[in-house]
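# Structural overview for review
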Amino acid sequence: MTETAAALRTVAHNVRAARMRAGLSLDELSRRAQVSKGALVGLEKAQGNPNLATLVRLADTLGISVSALMQGSPEGRVRVVAADAVAPLWTGDRGGEARLMLTTSGPAPVEVWRWRLEPGEDYPSHPHQAGVVETVSVTAGRMTLIVDGSEHTIDAGQTATFDGDTPHTYRGAGTETCHLIMTVHLPPGPASST
């Protein structure tokens, strides 16, 4: 329980700091991110339990990575992260999960995710900010990638990339568990004010 409380305090601090850097009021961040003001107030007080969709909307709106909302200060020049040391940010109804392993630093950060999708399991994502590019590399099994209504089968050993500013869905396909590495390439600089 203390790890969860500490993680929530880190998210609370990082959301408030990013909001202040962006010069946004709670009302304005709430409007832009489509997150209720009550949920934002609770989050900044380290209360509640934000889901992955909420964290993604906040990160997109603030022009930062999801992991920038979740991580404390960097610990050194090299970071090694074990999959079992990172809690899933999404858990599917059939046992699938998504873990944000790390985010690179620099003006155009990249998030690195490990996903597991069971056959028939879906993860629909809302469109991200303009300039976000996602890449999926299937390491085992098969998935169906649905981008703006078009379906694409991605088999083990294949990689696909697409602009993330359109609706997209990851779906486990075939009869085996699908394992994949997903990267989210974020555009440099803060999100626009529109």
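Residues numbered from 1 in each chain as written. Predicted model: local features only at pLDDT ≥ 70, side-chain atom pairs only at ≥ 80, totals over all residues. Heavy atoms only, no water.

Within an unreviewed UniProt entry, the label attached to the protein chain reads XRE family transcriptional regulator, and the organism entered is Streptomyces sp. 900105755.

If you want to describe how two helices pack, look at the angle between their axes and the distance between the axes. Relative orientation of the contacting elements helix H2 (residues 26–33) and helix H4 (residues 52–62) amounts to 110°, with a least axis distance of 9 Å. Comparing the axis directions of H2 and H4 gives the class roughly perpendicular. Classified by chirality, the crossing of H4 by H2 is right-handed. Touching Leu29, Arg32 and Ala33 of H2 are Arg57, Leu58, Thr61 and Leu62, all from H4. (Axes fitted to C-alpha atoms, helices over the stretch in contact; angles between N-to-C directions. Helix = DSSP H or I, 4+ residues; strand = E, 2+ residues; numbered from the N terminus. Parallel < 35°, antiparallel > 145°, perpendicular 65-115°, else oblique. Left-handed = near helix turned anticlockwise from the far one by under 90°. Contact = heavy atoms within 4.5 Å.)

Across the interface, H2 lies against helix H3 (residues 37–44) with an axial gap of 9 Å and an inter-helix angle of 120°. Note that H2 runs across H3; the crossing there is right-handed. Each of Leu26, Asp27, Leu29 and Ser30 in H2 lies in contact with H3, whose residues at this interface are Lys37, Leu40, Val41 and Glu44. The class makeup of the residues in the contact of H2 with H3 is 4 nonpolar, 1 polar and 3 charged. (Nonpolar A, V, L, I, M, F, W, Y, C, P; charged D, E, K, R; others polar.)

The tally for this structure, following the rule as stated, stands at 11 salt bridges. Residues Arg16 and Glu44 are paired through a salt bridge, measuring 3.8 Å at the closest nitrogen-oxygen approach. Separated by 28 residues along the polypeptide, Arg16 in helix H1 (residues 2–21) and Glu44 in helix H3 bring together distant segments of the chain. Residue classification places Arg16 among the partly exposed residues on the basis of a relative accessible area of 39%. Residue Glu97 pairs with Arg116 through a salt bridge whose shortest N-O separation is 3.6 Å. On the criterion of sequence distance, the pair formed by Glu97 in strand S2 (residues 97–103) and Arg116 in strand S3 (residues 110–117) is long-range, its members being 19 residues apart. Residue Glu97 is classed as buried on the basis of its relative accessible area, which comes to 16%. With a relative accessible area of 25%, Arg116 lands in the partly exposed category. Each of Glu97, Arg99, Arg116 and Glu118 takes part in one network of salt bridges that share partners. (Salt bridge = Lys/Arg side-chain N within 4 Å of Asp/Glu carboxyl O. Buried < 20%, exposed > 50% of the residue type's maximum accessible area, 1.4 Å probe, protein only.)

Once that is clear, we can look at the UniProt feature "domain: HTH cro/C1-type" (unreviewed entry) in the protein chain. The UniProt feature table records "domain: HTH cro/C1-type" (unreviewed entry) at residues 15–69. The annotated region residues 15–69 carries 69% helix and 0% strand content, and the separation between its end C-alpha atoms amounts to 6 Å. (UniProt positions renumbered as here; feature names shortened; annotations may be inferred.)

The next point concerns the nonpolar core. Core analysis: the largest hydrophobic core is formed by 42 residues, its most contacted members being Leu58, Trp113, Trp115, Met143, Leu145, Tyr170 and Leu180. Sort the elements by how many residues they give to this core and H4 lands first, with 6 residues. With near-sequence residues (within four places) excluded, Leu58 lies in contact with Val15, Leu29, Ala33, Val35, Leu40, Leu43 and Leu69. (Core = buried A, V, L, I, M, F, W, Y, C linked by side-chain atoms within 4.5 Å.)

Strands sit in the order S4-S9-S6-S7 across an open sheet of 4 strands; the sheet is antiparallel. Lying at the two open borders of the sheet, with one neighbouring strand each, are strand S4 (122–125) and strand S7 (150–155). Neighbour to neighbour, the strand axes of the sheet diverge by 20° on average, direction disregarded. Strand direction decides the pairing type here: strand S6 (residues 142–147) and strand S9 (residues 168–173), joined by 6 bridges, are antiparallel. When the sheet's bridge partners are listed, Arg142 is paired in S9 with Ala173. (Pairing = 2+ DSSP bridges.)

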